[in-house]
Amino acid sequence: MEFNGNNGFYYWIRNYFIRVVSSRRFFSRVSPSICLAIISMFAFLLICEGFFRSIGYDFASKQEVLWREYPICFRQPMVPMGETYFRRHGPDRWKGQTLYTATKILNIEPNPYGSEPVIMVKYDKYGFRNPEDIANWDIVVTGDSFVELGHLSDEDLFTTILGKLLGVRVLNLGVSYSSLLSQLSYLRNYGISAGTKHAIVVFFEGNDFAEFDGEYNAFMHWRKTGLREYREFKRETSAVKAFYQLYVKMRIHFSSPRNLVTAYFNSSQGNIPVTVSYVPVKRTELSEERIQQLNYFLGEYASFGKEKQITVWLAFMPAKRRVLDGYLEFTSEAKDEVKSWQPTGLPQLISELSDQNGIKFIDLTPALVEETRNKGKPHLVYNSILDTHINSIGSLVVGKKIARQLSGTMLPRN
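A short tour of the structure in this document, coming up. Just so it is clear, the structure is predicted and the values come from calculations on it, not from any experiment. (Residues numbered from 1 in each chain as written. Predicted model: local features only at pLDDT ≥ 70, side-chain atom pairs only at ≥ 80, totals over all residues. Heavy atoms only, no water.)

## Observations regarding the sheet that holds strand S12 (residues 311-317)
Now for step 1: Overall, parallel pairing links the five strands, which are arranged S7-S6-S8-S12-S14 in an open sheet. Single-partner strands in this sheet number two, and they are strand S7 (170-174) and strand S14 (360-363). Across the sheet, the mean angle separating the axes of adjacent strands is 20° when strand polarity is ignored.
Now for step 2: Taken strand by strand, helix H7 (residues 158-166) contacts strand S6 (139-143), S7 and strand S8 (198-204), and its axis lies near 160° from that of S6.
Now for step 3: Relative to S8, helix H8 (residues 180-190) is tilted by about 160°, and along the sheet it contacts S6, S7 and S8. (Pairing = 2+ DSSP bridges. Helix = DSSP H or I, 4+ residues; strand = E, 2+ residues; numbered from the N terminus. Axes fitted to C-alpha atoms, helices over the stretch in contact; angles between N-to-C directions. Contact = heavy atoms within 4.5 Å.)

## So, unusual backbone geometry
Now for step 1: Here the amide bond leading from Gly90 into Pro91 is cis, since omega sits at -5°, within 30 degrees of zero.
Now for step 2: Here Pro91 is to be found in the loop between strand S2 (85-87) and strand S3 (92-96).
Now for step 3: Within the chain, Gln309 stands out as a residue other than glycine whose phi angle is a positive 60°.

## Observations regarding the packing of aromatic side chains
Now for step 1: The full count for this structure, using the stated rule, is 13 aromatic pairs.
Now for step 2: The ring of Phe86 is capped by Arg228, whose NZ or CZ atom sits 4.9 Å from the centre of that ring.
Now for step 3: Stacked on the ring of Phe86, the Lys or Arg Arg231 has its end atom at 3.9 Å from the ring centre. (Phe/Tyr/Trp six-rings, centres within 6.5 Å; stacked < 30°, edge-to-face > 60°. Lys NZ or Arg CZ within 6 Å of the ring centre and 35° of its normal.)

This is how it looks when you write it as structure tokens:
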């Protein structure tokens, strides 16, 4: 059968669906006008699909524009590096209210970040939060979003605070959506200068185990096959997929706001609604395989330190649930495992494994807990709704704690 243009195709589709619909008793009871509307919709989608595919229109280009509206710290790194790892594009910058923007885009209420300051977040040519002119540094710190801290200004980063307290230069190699093997790759490729004496990896107990599993498996797959993952915006010429993605976005935008309040923090200023999501892993939940994987990283990290003749550290970053324990009243939205969690010996285990591999250990938990209690006047050292990260107060605490640990080992520069 031949079709003369879109009109012929439309009439053929319409007649075909009329025959199909009228042949079934259930559908024959439906109003003909409804049937015609459904047929017309399908025909319209088919015509659009054929048209946009024929001209090669790329819907993905619009997706990249929308993607860039998100704060950089919420974007997955896409530049391939090392064996199987990724870093951010650079140089890059983003200006705005980071947490307010993310909470608004995701249609979450309450949104407590209306008074959040507008900041300019800058990234160097390698996609890290450092000034472009830094060429020599004493300390390098790497980790995930708890080091990148894309919602804080440069002045409030604990890496900046650490440098000011010790009077030295500090390089920040923090990238969200990364874990231990990526971070070791960052150190190897970007972390060493002529003056570097210390390297610090910040381990977040909330999701680093899960993300480390993915990185470790990807690395082992690369070892066997030589194949790796690539992340890129692929051309998308399907109108149907584009309409569906638009539908999902519109549904989020116009649907009722999502409530992410899972607990109330009992502060000296009253009850503050918070989101508590990550459940810290129990020591007994760690399989032998997972401990072996962790030891693999620690061994590689220790070897890196010996090769570069620097002191290597592992800093344990606790989850919000651990630090706020005893000051939370949970809502019905909280998961049972979050409510029932009890403090575990995970920091002690990580400390023991670090010590066995000759890596110095810093537990940030006591300092954050002490600041939370604040001499009987509890206050938050983490962001409240949606976000899991430390706020500017928590960042100051972390900077001071690490500075105290390193103060006896830092030699004054000539």
